[in-house]
Amino acid sequence: MPVLDPNPQNGQKKMLIVFGSFFAIFVIIAVIATIASP
């Protein structure tokens, strides 16, 4: 699976998925930190 596609038809969708997963992980960590904090 090449990192840089020669013909980026799905490039934007892939970037959206990567950014979405990063944002989801960040939100989950924030929620856990909020719940864990006294």
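None of these values were measured; they are calculated from a predicted model.

Attention now moves to the UniProt feature "transmembrane region" (unreviewed entry) in the protein. The positions UniProt marks with the feature "transmembrane region" (unreviewed entry) are residues 15–36. Helix makes up 100% of residues 15–36 and strand 0%. Its end C-alpha atoms lie 31 Å apart.

Among the surface-exposed residues, Phe23, Phe26, Val27, Val31 and Ile35 lie close enough to one another that they form a single nonpolar patch of about 550 Å² accessible area. Residue position: isoleucine 35 is located in helix α1 (residues 11–36). Note on isoleucine 35: relative accessible area 67%, which makes it exposed.

The rules behind the values
Residues numbered from 1 in each chain as written. Predicted model: local features only at pLDDT ≥ 70, side-chain atom pairs only at ≥ 80, totals over all residues. Heavy atoms only, no water. UniProt positions renumbered as here; feature names shortened; annotations may be inferred. Helix = DSSP H or I, 4+ residues; strand = E, 2+ residues; numbered from the N terminus. Patch = residues over 30% accessible without salt bridge, like charges linked within 9 Å, V, L, I, M, F, W, Y side chains within 5 Å. Areas by Shrake-Rupley, 256 points an atom, 1.4 Å probe, with all protein chains shown as cover. Salt bridge = Lys/Arg side-chain N within 4 Å of Asp/Glu carboxyl O. Buried < 20%, exposed > 50% of the residue type's maximum accessible area, 1.4 Å probe, protein only.

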